Amino acid sequence: MNSEKIRDLPTAAQLESEMKRIRYKRGYLKTLYNTVASLLVVAAVAVLISMLFLPVLRVTGESMSPTLNNDELIICNKRSNFKSGDIVAFYFNNKILLKRVIGTAGDVIDISEDGTVYVNGVILDEPYLSEKAFGECDIELPYQVPDNRVFVMGDHRSVSIDSRSSSVGCIADEYIIGKVILRLWPWECIGIV
């Protein structure tokens, strides 16, 4: 009977092999746990940075073409001192819109019938436009930009609904998300905007 019990016991080689397997499994699980924990921390930091400092947005529509086109991904820089020529993202009717700053508080904006824009009596140099257009304008011109607001227009003037329309008007500083600084997608167009 004792000899049968001895035959059922594992050999030293079998015990050593089983111990290696158990150690490997523990090491693998520990590595997997550490990897998953690291990825979660990196993802949380990325989301936090994205939400607080550098929001990533997707362009929808054609109002900013040819500068920004539909389905491109962009990064914004959250800040509050905008100047003429900056492209800003802002909240409007539960949407995020992208438009170019034409004038800031105190500036007087005038637009001629052919779409030429004047800021404080000086023609605005707009090399980013492919065509000028008066567009949908129902505000009384010349128009003075109120305090803590910016006057914005899209680069595709004939289709853009922007500060020229009383339905949008000038954008209050608190609704502005930030200035567009970088194009992320498509890959061949990556670069500063």
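Bear in mind that the values here come from a model prediction, so they are computed numbers and not experimental data.

Cut-off values and rules
- Residues numbered from 1 in each chain as written.
- Predicted model: local features only at pLDDT ≥ 70, side-chain atom pairs only at ≥ 80, totals over all residues.
- Heavy atoms only, no water.
- Pairing = 2+ DSSP bridges.
- Helix = DSSP H or I, 4+ residues; strand = E, 2+ residues; numbered from the N terminus.
- Buried < 20%, exposed > 50% of the residue type's maximum accessible area, 1.4 Å probe, protein only.
- Contact = heavy atoms within 4.5 Å.
- Salt bridge = Lys/Arg side-chain N within 4 Å of Asp/Glu carboxyl O.
- 1 Å grid on protein atoms, 1.4 Å probe; cavity = no way out; pocket = protein on both sides within 12 Å on 5 of 7 lines; lining within 4 Å.
- Points joined across faces, edges and corners; volume = space filled by probe spheres on them.

## Here we look at the sheet that holds strand E8 (residues 143-144)
Two pairing modes exist for strands in a sheet, parallel and antiparallel, and in both the strands are linked by backbone hydrogen bonds.
Then comes step 1: Read across the sheet, four strands follow the order E7-E6-E5-E8 without closing on themselves; strand pairing throughout is antiparallel. Two strands in the sheet have a free side with no partner beyond their single neighbour: strand E7 (122-123) and E8.
Then comes step 2: In the sheet, strand E6 (residues 117-119) pairs with E7 via two bridges, with the strands oriented antiparallel. Bridging across to E7, Tyr-118 finds its partner in Ile-123.

## Brief notes about the environment of Val-145
Then comes step 1: Looking at the element boundaries, Val-145 is found in the loop between E8 and strand E9 (149-153).
Then comes step 2: By relative accessible area, Val-145 is classed as buried at 2%.
Then comes step 3: When the C-alpha positions of Val-145 and Ile-109 are compared, they lie 7.5 Å apart, and in sequence the two are 36 residues distant.
Then comes step 4: Beyond its immediate sequence surroundings of up to four residues, Val-145 is in contact with Gly-103, Thr-104, Ala-105, Gly-106, Asp-107, Ile-109, Val-150, Phe-151 and Cys-170.

## Some points on the pattern of salt bridges
Then comes step 1: Tallied over the full model, the rule gives nine salt bridges.
Then comes step 2: Residue Glu-16 is joined to Lys-20 by a salt bridge in which the shortest nitrogen-to-oxygen separation is 3.9 Å. Here Glu-16 and its partner Lys-20 are both found in helix H2 (residues 12-52), four residues apart, which amounts to about one turn of the helix.
Then comes step 3: Arg-100 is the salt-bridge partner of Asp-155, the closest N and O atoms lying 2.7 Å from each other. Residue Asp-155 is found in the loop between E9 and strand E10 (171-172), and its partner Arg-100 is found in strand E4 (residues 95-104); the two are separated by 55 residues along the sequence. We note that Asp-155, like Arg-100, is buried.
Then comes step 4: Each of Lys-83, Asp-86 and Lys-179 takes part in a single network of salt bridges with overlapping partners.

## A short note on the layout of surface pockets
Then comes step 1: Estimates place the volume of the largest pocket at around 270 Å³.
Then comes step 2: Lining the largest pocket we find 16 residues, and of these Thr-60, Ser-63, Ile-96, Leu-97 and Leu-98 sit closest to its centre.
Then comes step 3: If you list the elements that add at least two residues to the lining of the largest pocket, you get strand E1 (56-58) and E4.
Then comes step 4: With five residues, E4 is the single largest residue contributor to the lining of the largest pocket.

## Quick notes on the pairing of strand E3 (residues 87-92)
Then comes step 1: Looking at chain direction, E3 and E4 are connected through six bridges and run antiparallel. Among the inter-strand pairings, Ala-89 is bridged to a residue of E4, identified as Leu-98.
Then comes step 2: Hairpin connection between E3 and E4: a loop of two residues separates the two successive antiparallel strands, and Asn-93 in this loop has a positive phi of roughly 50°.
Then comes step 3: Pairing geometry for E3 and strand E11 (residues 176-185), over three bridges, is antiparallel.

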